[in-house]
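Structural overview
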Amino acid sequence: MTDHNSELQITETVMKRVREKFAEDGSGHGIDHIMRVYRVAVRIAKEENCDTFIVALIALLHDVGDHKLSANGTVNHREEIVELIEGTGLSNEQANQIIDVVEKISFKGNGVADMPLSPEGRCVRDADRLDAIGSIGIARAFAYGALKGRPMFDPEAGPSTSNSFGEYQNNKSHTINHFYEKLLLLKDRMETSAGKRLAEGRHATLELFLAEFLLEWDAKR
Ligand code: ADP
Ligand code: NI
């Protein structure tokens, strides 16, 4: 068992390494996103009586090896995480607990069920999804869309859905579509009480934004 001091030390070492790895990012997946997920996830974990140490590490590592950040679209969460936690003193069991969640945490499409996670994983998934909605979520969606060269909106291209992760990944639609294929669905996919509570206001922000956006788009405002 790791004691409290070494837990703090491990968290700090991993945080420092993650800061270096995610220093430069224009996709909305930078260190600011990771630190928000870390803070909100730990807050949720306390309310849920979960292991805050494991939650903190999953949050810090949750985007390591993600397909959205990889140059060639391939992912290897395990390899990149093992490299990042090397020499920190985490046990194999703890490492596996973390990697198992990171491999399953992502949204895979509106027609695809979320993969079941441990209680600690659920705290991080909710925190990650809270950062995808509300004002920050809107900003992140447009930052990501711009990076991928996508139009903000195309009224001719109606809302699209995806029934597999492959379809979801290959969807090159406009950014407003991302609200319909993912962001507006997140409130009802929250799995913790705190997540459900926090999602309400942020979801309302999405709806308000969309209503205004569509009016302004048609120059009706
Ligand atoms: P997840 O693992 O569930 O995909 P992440 O935090 O890794 O969560 O990244 C999700 C965020 O990436 C979205 O909330 C959004 O900001 C951005 N994103 C992903 N796909 C798109 C897209 N097609 N259009 C706009 N933003 C996107
Ligand atoms: Ni994330």
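Before any of the text, the structure's been laid out above.
Heads up: these notes are all about the structure in this document. (Residues numbered from 1 in each chain as written. Chains lettered and ligands numbered in written order. Predicted model: local features only at pLDDT ≥ 70, side-chain atom pairs only at ≥ 80, totals over all residues. Heavy atoms only, no water.)

Digging into the packing of helix α1 (residues 4-21) against helix α2 (residues 31-47)
Where α1 contacts α2, the two axes come as close as 10 Å, and the packing angle between them is 155 degrees. With respect to their mutual orientation, α1 and α2 come out roughly antiparallel. In the packing of α1 onto α2, the handedness of the crossing is right-handed. Two secondary-structure elements touch here, α1 through Thr-11, Met-15, Val-18 and Arg-19 and α2 through Ile-31, Ile-34, Met-35 and Tyr-38. (Axes fitted to C-alpha atoms, helices over the stretch in contact; angles between N-to-C directions. Helix = DSSP H or I, 4+ residues; strand = E, 2+ residues; numbered from the N terminus. Parallel < 35°, antiparallel > 145°, perpendicular 65-115°, else oblique. Left-handed = near helix turned anticlockwise from the far one by under 90°. Contact = heavy atoms within 4.5 Å.)

Structural notes on the site of ligand 1
Near ligand 1 there are 17 residues, and of these His-29, Asp-63, Ser-106, Asp-128 and Arg-150 occur at the shortest range. In this structure, an oxygen atom belonging to ligand 1 sits 2.4 Å away from a side-chain N or O atom of Ser-106. In the model, a nitrogen atom of ligand 1 is placed 2.8 Å from a nitrogen or oxygen of the Arg-150 side chain. Contact with the protein chains covers 96% of the free accessible surface of ligand 1, which is 560 Å². For ligand 1, the cavity whose grid points lie within 2 Å of the majority of its atoms is the largest pocket. At the level of elements, α7 (134-147) and α9 (175-181) are the ones that each hand at least two residues to the shell around ligand 1. Tallying contributions element by element places α7 first for the shell around ligand 1, with 3 residues. (Near = heavy atom within 4 Å. Polar contact = N/O pair within 3.5 Å; in protein donor to acceptor, adjacent residues only side chain to side chain. Areas by Shrake-Rupley, 256 points an atom, 1.4 Å probe, with all protein chains shown as cover. 1 Å grid on protein atoms, 1.4 Å probe; cavity = no way out; pocket = protein on both sides within 12 Å on 5 of 7 lines; lining within 4 Å. Sits in = over half its atoms within 2 Å of the grid points.)

Quick word on helix α6 (residues 119-130)
The terminal C-alpha atoms of α6, which comprises 12 residues, lie 17 Å apart, in line with the 16 Å expected from a rise of 1.5 Å per residue. Counted residue by residue, α6 has 10 buried out of 12 residues, so it is predominantly covered. Three or more residues of α6 are buried, namely Glu-120, Gly-121, Cys-123, Val-124, Arg-125, Asp-126, Ala-127, Asp-128, Arg-129 and Leu-130. (Expected span 1.5 Å × (residues − 1). Buried < 20%, exposed > 50% of the residue type's maximum accessible area, 1.4 Å probe, protein only.)

Quick notes on the layout of surface pockets
Estimates place the volume of the largest pocket at around 700 Å³. His-67, Lys-68, Tyr-144, Tyr-168 and His-178 are, among the 34 residues lining the largest pocket, the residues nearest its centre. Looking at the lining of the largest pocket, the elements that each hand over two or more residues are α6, α7, α8 (165-170) and α9. Here the lining of the largest pocket gets 5 residues from one element, more than from any other, and that element is α7. (Points joined across faces, edges and corners; volume = space filled by probe spheres on them.)

Here's the deal with the side chain of His-62
If you trace the backbone, His-62 turns up in the loop between α3 (52-61) and α4 (77-84). Only 3.2 Å separates the side chain of His-62 from the side chain of His-33, close enough to count as a polar contact. When neighbours within four sequence positions are excluded, His-62 is seen to be in contact with His-33, Ile-34, Val-37, Val-102, Ile-105, Val-124 and Asp-128.

What about the packing of aromatic side chains?
Following the criterion strictly, the structure yields 10 aromatic pairs and no others. Considering the side-chain rings of Phe-142 and Phe-213, the 6.3 Å spacing of their centres and the 25 degrees angle between planes classify their relative orientation as stacked. Of this pair, Phe-142 sits in helix α7 while Phe-213 sits in helix α10 (residues 193-217), placing them 71 residues apart in sequence. Here the two residues Phe-142 and Phe-213 agree in accessibility, since each one is buried. (Phe/Tyr/Trp six-rings, centres within 6.5 Å; stacked < 30°, edge-to-face > 60°.)

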